[in-house]
Amino acid sequence: MIRTDLIAPIGELVRRHAARRGHKPAFEDAGGAALSYAELDARSAALAGHLQDRGLRAGDTVAILLPNCVDWVLACVAIARAGAVSVPISHDAVEAEIRYRLEDSRCAAVIVSPQHLPLVRRLQRELPALRQLLLGADTGVEPAAGERPESLAVLARTPAGSAPRDPQDIHATAFIVYTSGTTGRAKGVMLSQHSMLWVVAACWAPIAGLCESDRVLSPLPLFHSYALNISVMGILATGASEFLLPRFSTQEVLARLRDGGYTLMPGVPTMFHYLLEGARADGRAQAPSIRHFLSAGAIMPASLNRDFEAAFGKSLLDGYGITETSTMVTLNWPGAQRVMGSCGLPLPGLAVRIVDTQGRDVAPGEQGELIVRGPNVMQGYLNKPAETAAALLDGWYRTGDLARSDVNGLLAITGRLKELIIRGGQNIAPAEVEEAVLSHPDVLDCAVLGVAHPQLGEVPVACIVARDGRAVDVESIRSHCAGLLSAYKVPHAVHLVPEVPRTGSGKIMRFRLREALAAQAPG
Ligand code: AMP
């Protein structure tokens, strides 16, 4: 069943809930901020009107550069109601990453936290498209005198000159979500309200049972497509309530689960690993009110899935999602046949095939590349026609993931054609890290690989060739990278190698380096 009633313009969804259940809490955050549906409706309408009054046009792009908080959602709803496009940016991103995203998507406005205000003010001088800044997220940091832009909180409570546009065309681009591609430079994935809401209607509502009476505990980073889908669009579509954690914390999540009141919790496998470890350490794996835990973002090991369910006595449903498909492609159905290590069945209404290198379907049990066609597939990559053409063939999105299906159609992801390193659910493109390492003066050549890590799944490791046989200070390479990359992308280790092996066409043969590292490893 696809809940088509949940697919409607964001403004209409919010108005619908405000009329039916205005006092009901919609979103709450750890800083004590909360919005009922009536408040979300009134404030998002006012904020959209103010953005329009200040010259924001339909189709303009607006970056959200805030930590996880209620203002994040308010900004996102207001941007949609103004007919503009949200560009979520990680609050942990560094200058080069922020600059690239603002420039690539030609942002006309940024909703910025006090921490990033000085940086965005500086970038604004070089980005002519960037006309407006609004200050969001009360994080206790005060901007310098004279630096303070208009406040989102104040505008949202002040009547605006214009009514929100509240566009009816839900097939227009509404989100540009940056994903770490294999080419190094992040790609802006263009998604519509329709593609996002379709996933809610075909996955979270009918399979996980997400509905108005749910109270969701969300530790996911909102800038990522997974959270944007379930923790923002899923709540807005169904009229559920949600508590937003600023970031994942084992102790805080365990305590909230124990205290009860939450019915669903989405997470990534690493989070469930830490929750299981934490619960084992204090002997209290309790989540009395949880109906299901939901996992996506990386391979969920069968043993973790089994042990977690045994410890907490609740189902942990794994699903496979990708930014380019507005997230979910598969999910395990509660109560249905389960095969641990499988990410479940394709969503109803979605065409999924596993093909060999010639594009022919492989037999059940055989490995091939997973390709997907359906209403959740992206519109394309922003400003990247060649990459879009390579990724979308006759409407089929080539995932780059290797998969197998059993005779019952249950899928398992077995590896990646593309070389993304997934560290605790966060994607890292080797090429992006290589670029940063290579900019160190003592480095001649470099290749980055993902190596297995017991808690994080995998972590990036750099193999470098020193320039002119110079002695290289490994720590200085890591600190150099820390200035250019988000912390999670910084190589965990740096190994000196005599050369980086490449194919005739210049592609790094990472498997050779992997073998060399394994041969060096003690024991
Ligand atoms: P992203 O676009 O950041 O959401 O990353 C998508 C990638 O994460 C996919 O192409 C897969 O490689 C991986 N992934 C997501 N969910 C799963 C899952 N349940 N099992 C295995 N890999 C997954």
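Residues numbered from 1 in each chain as written. Predicted model: local features only at pLDDT ≥ 70, side-chain atom pairs only at ≥ 80, totals over all residues. Heavy atoms only, no water.

All right, on to the overall build of the protein then. In terms of helices and strands, the protein carries 15 helices and 27 strands. Each of the three principal axes of the protein carries a C-alpha extent, and together these read 65 × 55 × 50 Å. Each of the 523 residues in the protein was classed as buried or not, and the buried ones make up 58%. Taking all contacts inside the protein whose residues are at least 6 apart in sequence as the whole, residues at least 24 apart take part in 67%. Working note: accessible area of the protein is about 20200 Å², and carbon and sulfur atoms make up 53% of it. Put simply, the protein has 50 plus and 52 minus side-chain charges, and the middle of one group is 2 Å from the middle of the other. (Helix = DSSP H or I, 4+ residues; strand = E, 2+ residues; numbered from the N terminus. Buried < 20%, exposed > 50% of the residue type's maximum accessible area, 1.4 Å probe, protein only. Contact = heavy atoms within 4.5 Å. Areas by Shrake-Rupley, 256 points an atom, 1.4 Å probe, with all protein chains shown as cover. Lys, Arg positive; Asp, Glu negative; His and termini not counted. Charge placed at Lys NZ, Arg CZ, Asp CG, Glu CD.)

Next up on the list: the environment of Phe223. For Phe223, the location among the structural elements is in the loop between strand E10 (215–218) and helix H8 (225–238). For Phe223, a relative accessible area of 22% translates into the label partly exposed. If near-sequence neighbours (up to four positions away) are discounted, Phe223 is found in contact with Trp72, Pro88, Ile89, Ser90 and Val177.

So, on to the site of the ligand. Around the ligand sit 17 residues in total, of which His224, Gly319, Thr323, Asp401 and Asn427 are the nearest. One of the backbone N or O atoms of Gly319 is found 2.7 Å from a nitrogen atom in the ligand. Contact between the ligand and Thr323: an oxygen atom at 2.8 Å from a side-chain N or O atom of the residue. If the ligand stood free it would expose 500 Å²; the protein chains cover 96% of that surface. (Near = heavy atom within 4 Å. Polar contact = N/O pair within 3.5 Å; in protein donor to acceptor, adjacent residues only side chain to side chain.)

Let us now look at the domain arrangement of the protein. Domain assignment breaks the protein into domain 1 (39–192), domain 2 (248–417) and domain 3 (421–520). Taking the mean C-alpha position of each, domain 1 and domain 2 sit 29 Å from one another. Between domain 1 and domain 2, the contact holds 17 residues from the first and eleven residues from the second. Taken over both partners, the interface formed by domain 1 and domain 2 buries close to 1200 Å², and the fraction arising from carbon and sulfur atoms is 57%. Of all residues in domain 1, Lys187, Met190 and Leu191 bury the most surface against domain 2, accounting for 44% of the area lost on that side. Applying the counting rule to domain 1 against domain 2 returns zero salt bridges. At the junction of domain 1 and domain 2, the tally comes to seven residue pairs in polar contact (both at pLDDT 80 or more). Taken together, the elements giving at least two residues each to the side of domain 1 that touches domain 2 come down to helix H4 (95–104), strand E8 (173–179) and strand E9 (187–192). At six residues, the largest contribution of residues to the side of domain 1 that touches domain 2 is made by E9. Classifying every residue of the side of domain 1 that touches domain 2 gives nine nonpolar, six polar and two charged. (Domains from an automatic or database assignment. Buried area = accessible area lost by both parts, 1.4 Å probe. Salt bridge = Lys/Arg side-chain N within 4 Å of Asp/Glu carboxyl O. Nonpolar A, V, L, I, M, F, W, Y, C, P; charged D, E, K, R; others polar.)

If you walk through the whole model with that rule in mind, you get 27 salt bridges. For Asp356, the salt bridge goes to Arg360, with nearest N and O atoms at 3.1 Å. You can call Asp356 partly exposed: its relative accessible area is 24%. Overlapping salt bridges bring together Arg15, Asp41, Arg81 and Asp166 as one network.

Here helix H3 (residues 70–81) crosses H8 at 70°, and the two axes come no closer than 12 Å. Classified by the angle their axes make, H3 and H8 are roughly perpendicular. Like other packed secondary-structure pairs, H3 and H8 cross with a definite hand, here right-handed. The segment H3 lies against H8, with Trp72, Val73, Cys76 and Val77 engaging Leu228, Val232 and Leu236. (Axes fitted to C-alpha atoms, helices over the stretch in contact; angles between N-to-C directions. Parallel < 35°, antiparallel > 145°, perpendicular 65-115°, else oblique. Left-handed = near helix turned anticlockwise from the far one by under 90°.)

We now examine the nonpolar core. Across soluble globular proteins, nonpolar side chains have a tendency to be buried as a group. Judged by nonpolar contacts, the single largest core of 99 residues is most densely connected at Phe27, Leu40, Trp72, Phe175, Trp204 and Leu236. No other element matches H3, which puts ten residues into this core. Lining this core are residues from two domains, each supplying at least three of them: domain 1 (39–192) and domain 2 (248–417). The residues touching Trp72, leaving out its near neighbours within four places in the chain, are Ile64, Leu66, Pro67, Pro88, Leu222, Phe223, Leu228 and Val232. Grouped together as the second largest cluster of nonpolar side chains are 25 residues, Ala63, Val112, Leu117 and Leu123 included. (Core = buried A, V, L, I, M, F, W, Y, C linked by side-chain atoms within 4.5 Å.)

Structurally, the position occupied by Glu147 is in the loop between strand E6 (132–135) and strand E7 (150–151). Through-space distance from the C-alpha of Glu147 to that of Pro118 is 8.1 Å; in sequence the pair is 29 residues apart. Apart from residues lying up to four places away in sequence, Glu147 is in contact with Leu117 and Arg121.

One pass over the structure, following the stated rule, counts eight aromatic pairs. Pairing Phe272 with Phe293 gives two aromatic rings, centres 5.9 Å apart and planes at 80°, and the pair type is edge-to-face. Highlighted residues: Phe272 in helix H10 (residues 269–282) and Phe293 in strand E13 (residues 292–295), separated in sequence by 21 residues. Across this residue pair, the class does not change: Phe272 and Phe293 are buried. Plain terms: the ring middles of Phe308 and Phe312 are 4.4 Å apart, the flat faces sit at 20° to each other, and that makes the pair stacked. Placement of the pair is Phe308 and Phe312 together in helix H11 (residues 302–312), with a separation of four residues, close to one helical turn. Phe312 gets classed as buried once you look at its relative accessible area, which sits at 6%. Ring-pair connections join several aromatic residues into one group, and the members of that group are Phe272, Phe293, Phe308 and Phe312. Over the aromatic face of Tyr381 sits the side chain of Lys187, whose NZ or CZ is 4.5 Å from the ring centroid. (Phe/Tyr/Trp six-rings, centres within 6.5 Å; stacked < 30°, edge-to-face > 60°. Lys NZ or Arg CZ within 6 Å of the ring centre and 35° of its normal.)

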